[in-house]
Amino acid sequence: MKRINIIPTFNYILGMIILLSACSNPDKEYDASGIFEATEVIVSSQGNGEIMEFNIMEGQKVEAGKQVGYIDTIQLYLKKMQLLANIKSVGSREYNVSKQVASIQQQITTQKNEQKRYENLIKSNAATQKQLDDINAQIALLEKQLIAQKETLENNNRGVSEESSGLEIQIAQIEDQIKKSIISSPINGTVLSKYAEQGELATQGRTLFKVADIANMNLRVYITADQLTSLKIGQQVKVYADLGKSDRKEYPGTVSWISDKAEFTPKTIQTRDERANLVYAVKVAVKNDDFIKKGMYGEIKIN
C-alpha cells in the first residue's frame, strides 16, 4: 500500500486559510483609524465701521499678523488729533517753578547781604539791633513766601501732569482701536469661509472669515485600553491617509495628546478590537503635503 504524507498537506491548507483570512480583512494591519482634523479659528471684527478693504478669497493662504483688510478709522483718527491738541493746551498751563520763584530768591539773597552788613555795623556801633531784627524778620517772611509759592506751583503742575496723563491714556485707547480695525489672521493657514465683503458695515463681534491650519493636521483616532500601554506623548507612529478605494499614503506622525478618560466607541470609528466598548481618544500630529484634506479618513500603525 502506498503511504501518504498527511502533515505537509495539512500545513499547506492551514497556511492558505490564514492568508485568505488576512486578505479578506485588510484593515487588521492598522492599529486604529480616525479622521483628520485641523485647527480652525473664526476671526471676528474688533472694530465698528465700514469695511474699506477685504482682499481674501476662500482657499487663499494667509500669514499670521499680515493685513488682509481694514475697517474705516477716520473718526478715530480725528478723535486722536483732538486729544493731542488738548494735551498741548493743558501743557501750556504748566509753570516753570525755578523762574517763577527767582524774584523772591533774589530778594532773600539781597536781604541776607544786608544782614551781614548790619551785623558788622553793630560790632562797630554804627547801627542798632532793631535794624538788624527788622532785616531778619524780612528774610523769614520772604522764605515763607518762597515755600508757599513753590507749593502752589508744584500742586498746579501735578494737576496739569495728571490731566495730561489722562489724555494720553485716551490716545492709547484710540490707537488700540485703530490697530484693531486692521483685519488679519491670528495663524498661518488657509481661508475656509468668508462671511463679509468690502463696503459692508462691520460691528464688534461680527464674524468675518474662518481660517484653518492645513499645514499641520491632527489625526484623531481611538484606541483600546490594551493599546494604551504601548503609546506615550511624543512617540513616533506611522500614519496612512486614505487617498482612494485602495490607495494609501504613508506619513510620519507624532502622538501629541492622549485622553485621560475613556469613552464609548464612536459609531463612525472602527478599532482593532471591535468588541471593546470603551476607548481612549488620541491625537497624532502630521505634517501635511497638501494631499491630506480635512475630514479625510486615516489609520495609524504603532511602531
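Refer to the structure above for everything that follows.
Quick caveat, the model's predicted, so the values are computed rather than measured. (Residues numbered from 1 in each chain as written. Predicted model: local features only at pLDDT ≥ 70, side-chain atom pairs only at ≥ 80, totals over all residues. Heavy atoms only, no water.)

Asks: Would you mind going over the overall build of the protein chain in detail, with residue names and values included?
Replies: Of regular secondary structure, the protein chain possesses six helices and 13 strands. For the protein chain, with 303 residues in total, the buried portion stands at 31%. Of the roughly 19,800 Å² that the protein chain leaves accessible, carbon and sulfur atoms contribute 53%. (Helix = DSSP H or I, 4+ residues; strand = E, 2+ residues; numbered from the N terminus. Buried < 20%, exposed > 50% of the residue type's maximum accessible area, 1.4 Å probe, protein only. Areas by Shrake-Rupley, 256 points an atom, 1.4 Å probe, with all protein chains shown as cover.)

Asks: An account of the packing of aromatic side chains is needed here, citing residue identities and associated values.
Replies: Applying the stated rule across the entire model yields one aromatic pair. Here the aromatic rings of F54 and F209 are separated by 6.0 Å at their centres, their planes lie at 50°, and the arrangement is tilted. Of this pair, F54 sits in strand β2 (residues 49–54) while F209 sits in strand β8 (residues 207–223); the two residues are 155 residues apart in sequence, bridging distant segments of the chain. Residue classification places F209 among the buried positions, given a relative accessible area of 1%. Its guanidinium or amino end placed over the ring of W257, K283 lies 5.6 Å from that ring's centre, counting from NZ or CZ. (Phe/Tyr/Trp six-rings, centres within 6.5 Å; stacked < 30°, edge-to-face > 60°. Lys NZ or Arg CZ within 6 Å of the ring centre and 35° of its normal.)

Asks: For a nonpolar patch on the surface, give the residues involved together with the corresponding values.
Replies: A cluster of nonpolar residues, I74, Y77, L78, M81 and L84, forms a patch on the protein surface that exposes about 460 Å² of accessible area. Mapped onto the fold, M81 is located in helix α2 (residues 74–91). Judged by relative accessible area, which is 33%, M81 ranks as partly exposed. (Patch = residues over 30% accessible without salt bridge, like charges linked within 9 Å, V, L, I, M, F, W, Y side chains within 5 Å. Salt bridge = Lys/Arg side-chain N within 4 Å of Asp/Glu carboxyl O.)

Asks: Summarise the nonpolar core; cite the residues concerned and give the values.
Replies: With 24 residues, the main nonpolar core has F36, L231, V239, V282 and V284 as its most contacted residues. Elements that contribute at least two residues to this core include exactly β1 (32–44), β8, β9 (236–242), β10 (248–258), β12 (278–287) and β13 (297–302). Among the elements that take part in this core, β8 stands out by supplying six residues, more than any other. Discounting chain neighbours no more than four positions away, the residues touching V239 are F36, L219, K249, E250, Y251, G253, V284, V286, E299 and I300. One finds V43, F54, I71 and A202 within the second-largest nonpolar core, a separate group that totals 14 residues. (Core = buried A, V, L, I, M, F, W, Y, C linked by side-chain atoms within 4.5 Å. Contact = heavy atoms within 4.5 Å.)

Asks: Tell me about the pairing of β9, and please be specific about residues and values.
Replies: Pairing analysis gives seven bridges linking β9 to β10, with the strands arranged antiparallel. In the sheet register, Q236 faces β10, and the bridge partner there is T254. (Pairing = 2+ DSSP bridges.)

Asks: Tell me what's going on with the sheet that holds strand β7 (residues 201–202), and back it up with residues and numbers.
Replies: What the four strands build is an open sheet, ordered β5-β4-β2-β7; its pairing is antiparallel. Taken across any chain shown, the strands that pair with only one partner, and hence form the sheet edges, are β5 (182–184) and β7. Bridge count between β2 and β7: two bridges; the pairing is antiparallel. The residue bridging G49 from the neighbouring strand is A202, located in β7.

Asks: Quick one: what's the story with the side chain of T190, residue by residue and with numbers?
Replies: Note on placement: T190 falls in strand β6 (residues 189–194). When its relative accessible area of 14% is taken as the criterion, T190 is described as buried. What T190 contacts, discounting residues up to four positions off in sequence, is G59, Q60, K61, K210, V211, A212 and I214.

Asks: With reference to specific residues and values, describe the packing of α2 against helix α5 (residues 129–180).
Replies: Their axes nearest at 9 Å, the elements α2 and α5 cross at an angle of 165°. Taken together, the axes of α2 and α5 lie roughly antiparallel to each other. Crossing angle aside, the handedness with which α2 passes α5 is left-handed. For the pair formed by α2 and α5, the contact residues are L76, Y77, K79, K80, L83, L84, N86, I87, V90 and G91 on the first element and V160, E163, S164, L167, E168, Q170, I171, I174, E175, Q177 and I178 on the second. Across the contact of α2 with α5, the residue classes tally to eleven nonpolar, five polar and five charged. (Axes fitted to C-alpha atoms, helices over the stretch in contact; angles between N-to-C directions. Parallel < 35°, antiparallel > 145°, perpendicular 65-115°, else oblique. Left-handed = near helix turned anticlockwise from the far one by under 90°. Nonpolar A, V, L, I, M, F, W, Y, C, P; charged D, E, K, R; others polar.)

Asks: Tell me about the packing of helix α4 (residues 102–123) against α5, and name the residues and values.
Replies: The N-to-C vectors of α4 and α5 enclose an angle of 160°; their axes lie 9 Å apart at closest approach. Judged by the inter-axis angle, α4 sits roughly antiparallel to α5. In this structure, α4 crosses over α5, and the sense of that crossing is left-handed. Taken together, the residues of the contact of α4 with α5 break down into nine nonpolar, ten polar and five charged.

Asks: For unusual backbone geometry, give the residues involved together with the corresponding values.
Replies: Phi at N125 takes a positive value of approximately 60°, unusual for a residue other than glycine. Here N125 lies in the loop between α4 and α5. Look at N125 and you get exposed, because its relative accessible area is 73%. Of note in the backbone geometry, D290 takes a positive phi value of approximately 80° without being a glycine.

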